[in-house]
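One-letter residues, chain by chain:
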Amino acid sequence: MMPEIWELGLSAISRLIGQRKLSPVDVLDHYLDRACRLNPTLHCFSTIDAERARIEARSSEAEMSRGLYKGRMHGIPFAVKDIIDVEGVATTNGSRLTINEVAKTDSAVVQRLRAAGGIYMGKNETQEFAMGGPDFSLPFGPARKPWDIERFTGGSSSGSASAVSAGAVPLAVGTDTGGSIRTPSAYCGIAGMKPTYGRLSRRGITPQAFSLDTVGPMTWTVEDNAIALEALAGFDPEDPSSVEIAPQPWSQAPALGLQGMKIGLVRHFHEEEQDRFSNECISAFETAALLMKDAGAETVEVRLSPLRHYFAAQRIIMYGEAAAIHEYDLRHNIEQYGPFSVERFLPGYLLTAVDYVQACRRRGELVHELAEVFRFVDLLLVVGALSVAPRMKDVARNSLVNGTPSANAPFNLTGSPAMSVSAGLNADGFPLSVQIVGRNFDEFSIYRAAHVVEAGMGCGNIRPHAAR
Amino acid sequence: MQIDRITSEDFAALVERAGLSLNQAQFEAALRSYGRLRELAESLRIPRNRAAEPAHLFQVPASPHAGASAFAKTETRRETGDE
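A short tour of the structure in this document, coming up. (Residues numbered from 1 in each chain as written. Chains lettered and ligands numbered in written order. Predicted model: local features only at pLDDT ≥ 70, side-chain atom pairs only at ≥ 80, totals over all residues.)

1. Section: the overall build of chain B
Part 1 of the reasoning: Scanning chain B for helices and strands turns up three helices and zero strands.
Part 2 of the reasoning: Helices (α) and strands (β) of chain B occur, in sequence order from the N terminus, as α-α-α.
Part 3 of the reasoning: Across the 83 residues that make up chain B, the buried fraction comes to 8%. (Helix = DSSP H or I, 4+ residues; strand = E, 2+ residues; numbered from the N terminus. Buried ≥ 20, exposed ≤ 12 C-beta atoms within 10 Å, placed from the backbone.)

What follows is the structure, given as C-alpha cells:
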C-alpha cells in the first residue's frame, strides 16, 4: 500500500517534488487537511493560514513548471512557533498581553525559508513568552502530546513538537533557551536541533534571554532536520549575536557514519542525579553509546563540572535577562500573564546584580572547560529528557527553579550545538531520547551521530496513535 | 538576613524593591521558591581569582573612524601641542 504524503516525511516529499512526481499544491492540501482535523484535539496550531499558503503553493508549482527549482525546501510546508514574526500575522507569544500584535515584517528565519521555496502554513502554540507552562487559562493550547494527550508535550516549543510528531506539518521552527526545542522533541519522539548560538538569526523573534536564545528546526527525522538547517542558517548583520561563518552541507552528513570519530560519554550528569533520571532513559543512553561504537566510533568517558553547576549558571542568567525584558509589563500589566508565567518570571526580580555577574563568571569558566574537552573528543553523548513525558496535571509551576537540573541547559550556557534524537520507545510505547552535543559550529558531526542512533534504534517510521 | 528563614516582611521588601505588586497567591508562590533560588545563586560562589572576569559580558565595538572624531582631534592637538 502506498504511504500517505505525511508518512513520507520532509526528505522523501522533497525528493518527489524535485522529480515532479508530487505537486506542492497536493502536498500542502494534504497537510492543511491533517492540521485542521488534528488541531481541535492537539491544539498544536494557534493560526492556520490556509488561504495564503494555497497561494504560495500554487506559485511554487508555477515556478517549477517554468523550470525554476529552488532546492530541497521548495514546496515544503512549514510552521513557526508563535513567538516568531510572520508579516501580517499576530505574534501572540501565547499571551493575552500580545494577542493582537501583528508583525510588520517576516522574521529572518521565515524570510530564509520562503526564499528557499518553503510554504508558510501557520503558527504553532507556544508556552507563554516561551517561559510559561501548560496553562489552561490562556487563549491557546496547551498543545497535546500525540502519543497520549493527557501527557505533557514538553516546552516551550510545545505546539511545534506536537504538530511534527502528529504529521500535521513536516517542519516546525522552534526556539531553545534552556531546552525548549530539545525537551518537546524528546517527549514527542522527533529530531530537534539547537544550533550553535549565532548560527541562525533571531531577528523578529520575541526574546526570552538574550545571551541564551537560539532558534532551530524540529522534524520527524535527522535527515529532514539537516535539509531544513541548510535553508535556515546564515549570517544576519541585524542580529547582534549572528556569526559570519560558512554553512556546512548538513544533508550529506547522515550518510557518512561515524568511522574515526571520538565520542565522549557524559555519564556523570545522570549518575549525580541517579534517583531523578529514569532507568529507561539511562538505558537509552547506553544503547546509543553501543550503536555509536558499533558504527566505528571510539567512545571514552568524559567528566565535566557537575550538572548542577551548569544548570545554576544557566538559570540565573535566564531569570535575570528574562526579568529585564518583561520588567515593564510585569510591573504594570501583571494580570495579563498566566499564573505559570508569573511564577516563572518572578525569580529574576529577586536576584541581585552580583548574582548575575557571578553567573557570568561561572559561565566563562564552564565554557572554557567544555572547549578543553572538545580538544580531545569530537562529540558528547548526554542523557536526554529526565524521563518519558509526565502527565500534564503533574507539571509544577515552579519546576524551572525547583525541578531536577535539566541536561539540556548546559549547552545553552556554553552556546554549543546540541540535538535531541529519538532513541526508541519504552515499554508503554512512549518515546525515549538522547542528546548529542558538538563543537561550536559543528552541527555536521552531530547529524552524523544522530542518524546512527536513529537508524540503529529503528524508530524512524513509528508514528503516534493520534496521527492515525 | 538568613536565606532559609527569610521573613514575609523581608521578602515583601525585596518584592517592593523590584517594583512589583503581587497578589497573595503570587507572593506566596515566589516566597516558596526563594530558598531554592538562593541555593542556585550561592552555588555559583566558588573560590576564584579576583581577576577572573566574565570577559564575554561586554565587547567594545570597533569604531570605524575613531581618528576622525572631533574629540579625538582635540585630544591629539593637546598631546602634540598643535593648534
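2. Quick notes on the overall build of chain A
Part 1 of the reasoning: A count of helices and strands for chain A gives 16 helices and eleven strands.
Part 2 of the reasoning: Taking 468 residues into account, the globule formula puts the C-alpha radius of gyration at 23 Å, and chain A, at 20 Å, falls close to it.
Part 3 of the reasoning: Dimensions of chain A, computed from C-alpha atoms along their principal axes, come out at roughly 60 × 60 × 45 Å.
Part 4 of the reasoning: Per-residue burial over chain A gives 61% buried out of 468 residues.
Part 5 of the reasoning: Looking at chain A alone, contacts between residues at least 24 apart form 80% of all its contacts between residues at least 6 apart. (Rg over C-alpha atoms; globule rule 2.2 N^0.38 Å. Contact = placed C-beta atoms within 7 Å.)

3. Concerning the sheet that holds strand 4 (residues 171-176) of chain A
Residue and element names in this part refer to chain A.
Part 1 of the reasoning: Strand order in the open sheet formed by eleven strands is 1-3-2-4-6-5-10-11-9-7-8, and the pairing between neighbours is mixed. Every interior strand has two partners, whereas the edge strands, strand 1 (45-48) and strand 8 (298-301), have only one. The sheet shows a mean angle of 30° between the axes of neighbouring strands, taken without regard to direction.
Part 2 of the reasoning: Examined bridge by bridge, strand 7 (residues 262-265) and strand 8 share four bridges and lie parallel to one another. Note that in strand 8 the partner of Lys 262 across the bridge is Glu 298. (Pairing = 2+ DSSP bridges. Axes fitted to C-alpha atoms, helices over the stretch in contact; angles between N-to-C directions.)

4. Considering the nonpolar core
Part 1 of the reasoning: If you look at the biggest cluster of nonpolar residues, it comprises 146 residues, and the most contacted ones within it are Phe 78, Val 169, Ile 316, Leu 381 and Ile 436 of chain A.
Part 2 of the reasoning: Considering each element in turn, this core owes the most residues, eleven residues, to helix 10 (residues 307-325) of chain A.
Part 3 of the reasoning: If we ignore the near neighbours within four places in the chain, the residues touching Ile 316 of chain A are Leu 351, Asp 355, Tyr 356 and Ala 359 of chain A together with Leu 40, Ala 41 and Leu 44 of chain B. (Core = buried A, V, L, I, M, F, W, Y, C linked by C-beta atoms within 7 Å.)

5. Observations regarding the packing of helix 1 (residues 5-18) of chain A against helix 2 (residues 24-42) of chain A
Residues and elements named next belong to chain A.
Part 1 of the reasoning: Helix 2 packs onto helix 1 with a crossing angle of 160° between their chain directions and a minimal axis gap of 12 Å. Classed by the angle they form, the pair helix 1 and helix 2 counts as roughly antiparallel. Classified by chirality, the crossing of helix 2 by helix 1 is left-handed. Of the residues in helix 2, those touching helix 1 at Ile 5, Trp 6, Ile 13 and Ile 17 are Pro 24, Val 27, His 30, Tyr 31 and Arg 34.
Part 2 of the reasoning: Split into classes, the residues belonging to the contact of helix 1 with helix 2 amount to seven nonpolar, one polar and one charged. (Parallel < 35°, antiparallel > 145°, perpendicular 65-115°, else oblique. Left-handed = near helix turned anticlockwise from the far one by under 90°. Nonpolar A, V, L, I, M, F, W, Y, C, P; charged D, E, K, R; others polar.)

6. Focus: the pairing of strand 7 of chain A
Successive side chains on a regular strand alternate, one facing one side of the sheet and the next facing the other.
Part 1 of the reasoning: As judged from the three bridges shared by strand 7 of chain A and strand 9 (residues 379-383) of chain A, these two strands associate in the parallel manner. Across the sheet, residue Leu 265 of chain A finds its bridge partner in strand 9 of chain A, namely Leu 381 of chain A.

7. Regarding the interface of chain B and chain A
Part 1 of the reasoning: Contact with chain B, which involves 24 residues of that partner, is made by 29 residues of chain A.
Part 2 of the reasoning: Considering every element that reaches the side of chain B that touches chain A, the biggest residue donor is helix 2 (residues 24-42) of chain B, with ten residues.
Part 3 of the reasoning: Of the residues in the side of chain B that touches chain A, the class split is 14 nonpolar, six polar and four charged.

8. A word on helix 3 (residues 50-65) of chain A
Residue and element names in this part refer to chain A.
Part 1 of the reasoning: Between its first and last C-alpha, helix 3 extends 22 Å over 16 residues, near the 22 Å set by a 1.5 Å rise per residue.
Part 2 of the reasoning: Among the residues of helix 3, Ala 53, Glu 56, Ala 57 and Ser 60 are the ones counted as buried. Looking down the long axis of helix 3, one finds its buried residues gathered within 105° of arc, a one-sided arrangement. In helix 3, the exposed positions that point more than 90 degrees away from the buried face belong to Glu 51, Ile 55, Ala 62 and Ser 65.
Part 3 of the reasoning: Tucked inside the fold, the buried residues of helix 3 contact helix 2, strand 2 (77-81) and strand 3 (119-124). (Expected span 1.5 Å × (residues − 1). Arc of directions from axis to C-beta.)

9. A closer look at the environment of Thr 105 of chain A
All names here are of chain A.
Part 1 of the reasoning: Structurally, Thr 105 can be placed in the loop between strand 2 and helix 4 (108-115).
Part 2 of the reasoning: Looking at Thr 105, the number of C-beta atoms within 10 Å reads 13, which means it is partly exposed.
Part 3 of the reasoning: Note: C-alpha distance between Thr 105 and Val 89 (16 residues apart in sequence) is 9.2 Å.
Part 4 of the reasoning: Not counting chain neighbours up to four residues away, the residues in contact with Thr 105 comprise Asp 85, Glu 87 and Gly 204.

10. A look at the pairing of strand 2 of chain A
Residue and element names in this part refer to chain A.
Part 1 of the reasoning: Along strand 2, five of the five residues are buried, which leaves the element largely enclosed by surrounding structure.
Part 2 of the reasoning: In terms of strand pairing, strand 2 meets strand 3 through five bridges, oriented parallel. In the strand pairing of strand 3, Ala 79 is matched with Gly 122.
Part 3 of the reasoning: Between the parallel pair strand 2 and strand 3, the chain is carried across by helix 4, and the sense of this crossover is right-handed.
Part 4 of the reasoning: Looking at chain direction, strand 2 and strand 4 are connected through two bridges and run parallel. Note on strand 4: the bridge partner recorded for Ala 79 is Ala 172. (Right-handed = clockwise from strand over helix to strand, strands pointing away.)

11. So, unusual backbone geometry
All names here are of chain A.
Part 1 of the reasoning: A cis amide bond, omega 15°, links Gly 155 with the succeeding residue Ser 156.
Part 2 of the reasoning: Inspection of the secondary structure assignment puts Ser 156 in the loop between strand 3 and helix 5 (158-165).
Part 3 of the reasoning: In this structure, His 43 takes a positive phi of about 50° despite not being glycine.
Part 4 of the reasoning: By the secondary structure assignment, His 43 is in the loop between helix 2 and strand 1.
Part 5 of the reasoning: If you check the backbone angles, Phe 129 has positive phi at about 50° while not being a glycine.
Part 6 of the reasoning: Examined against the element boundaries, Phe 129 turns out to sit in the loop between strand 3 and helix 5.

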